[in-house]
Amino acid sequence: MAVQPVRAATPVRTTTTSRGQEVVIEGRLDVRTAADLRLALHEAIATGSGDLHLHLGAAEIGDATGLGVLVESHHRARREGRRLVLAEVTPRTERLLRATRLSRVLHRPGPDTVAPLTA
């Protein structure tokens, strides 16, 4: 399992595993962090294979720009023949996804798909 650090200003950690890629996003996702987050996710999508599991357990979606980056990454992953999976989300993010009906579009794992990332 190789850990590749992404830009220091971006709260993103990418790990490649046998089932695809694990991307841990920490901190606030908003207009100030969107550009760096977009670059990190695009790089992960372009350089990996298999499902891209996003762990958002330590992240907070601060505005529509942060949410838009996730939707854009979902579409980009599909164009690359990959699937973006929201592996961990906070209760607040879960409510936001339901309220915006994005829970119907963005994939969530089943009980046998992925376990929460530890470390």
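These numbers were taken from a predicted model, which means no experiment stands behind them. (Residues numbered from 1 in each chain as written. Predicted model: local features only at pLDDT ≥ 70, side-chain atom pairs only at ≥ 80, totals over all residues. Heavy atoms only, no water.)

**Points about helix 3 (residues 91–99)**
In step 1: Within helix 3, burial applies to Thr 93, Glu 94 and Leu 97. Seen from one end, helix 3 has its buried residues packed into an arc of 105°, which puts them on one side. In helix 3, those exposed residues whose orientation departs by more than 90 degrees from the buried face are Pro 91 and Ala 99.
In step 2: Lining the buried residues of helix 3 we find strand 4 (51–61), helix 2 (64–79) and strand 5 (84–88).
In step 3: Following helix 3 by one or two positions, Arg 101 has its phi on the positive side, about 65°. (Buried < 20%, exposed > 50% of the residue type's maximum accessible area, 1.4 Å probe, protein only. Helix = DSSP H or I, 4+ residues; strand = E, 2+ residues; numbered from the N terminus. Arc of directions from axis to C-beta. Contact = heavy atoms within 4.5 Å.)

**Observations regarding the packing of helix 1 (residues 34–47) against helix 2**
In step 1: In contact at an axis separation of 10 Å, helix 1 and helix 2 are set at 15° when each is read in the N-to-C sense. With respect to helix 2, the axis of helix 1 lies roughly parallel. For the pair helix 1 and helix 2, the crossing hand works out as right-handed. Two secondary-structure elements touch here, helix 1 through Ala 34, Leu 37, Arg 38, Leu 41, His 42 and Ile 45 and helix 2 through Thr 65, Val 69, Glu 72, Ser 73, Arg 76 and Ala 77. (Axes fitted to C-alpha atoms, helices over the stretch in contact; angles between N-to-C directions. Parallel < 35°, antiparallel > 145°, perpendicular 65-115°, else oblique. Left-handed = near helix turned anticlockwise from the far one by under 90°.)

**Quick word on the pairing of strand 3 (residues 20–29)**
As a general feature of sheets, a regular strand has side chains that alternate between the two faces.
In step 1: With 7 of 10 residues buried, strand 3 is to be regarded as a mostly interior element.
In step 2: In this sheet, strand 4 lies alongside strand 3 in parallel orientation, the contact comprising 9 bridges. Looking across to strand 4, one finds that Gly 20 is bridged to Asp 51.
In step 3: In terms of handedness, the path from strand 3 via helix 1 over to strand 4 forms a crossover that is right-handed. (Pairing = 2+ DSSP bridges. Right-handed = clockwise from strand over helix to strand, strands pointing away.)

**As for the confidence of the model for the protein chain**
In step 1: Here the protein chain averages 81 in pLDDT, and 80% of its residues register 70 or above.
In step 2: Per-residue pLDDT, averaged within each element of the protein chain, yields its smallest value for strand 1 (residues 2–5) (47) and its largest for helix 2 (93).
In step 3: In this model residues 1–10 is a low-confidence stretch, pLDDT under 50, and it forms 19 contacts with partners more than four residues away in sequence or in other chains.
In step 4: Throughout residues 112–119 the model reports pLDDT below 50, and contacts reaching past four residues in sequence, or to other chains, amount to 18 contacts. (pLDDT = per-residue confidence, 0-100.)

**Points about the pairing of strand 4**
In step 1: Burial runs high along strand 4: 8 of the 11 residues are buried.
In step 2: Pairing of strand 4 with strand 5, which is carried by 4 bridges, proceeds in the parallel orientation. Of the residues in strand 5, the one forming a bridge with His 55 is Glu 88.
In step 3: Running through helix 2, the crossover from strand 4 to the neighbouring parallel element strand 5 is right-handed.

**Concerning unusual backbone geometry**
In step 1: Its identity is not glycine, yet Arg 101 carries a phi of approximately 65°, on the positive side.
In step 2: Within the fold, Arg 101 resides in the segment after helix 3.
In step 3: Judged by its relative accessible area of 55%, Arg 101 is exposed.

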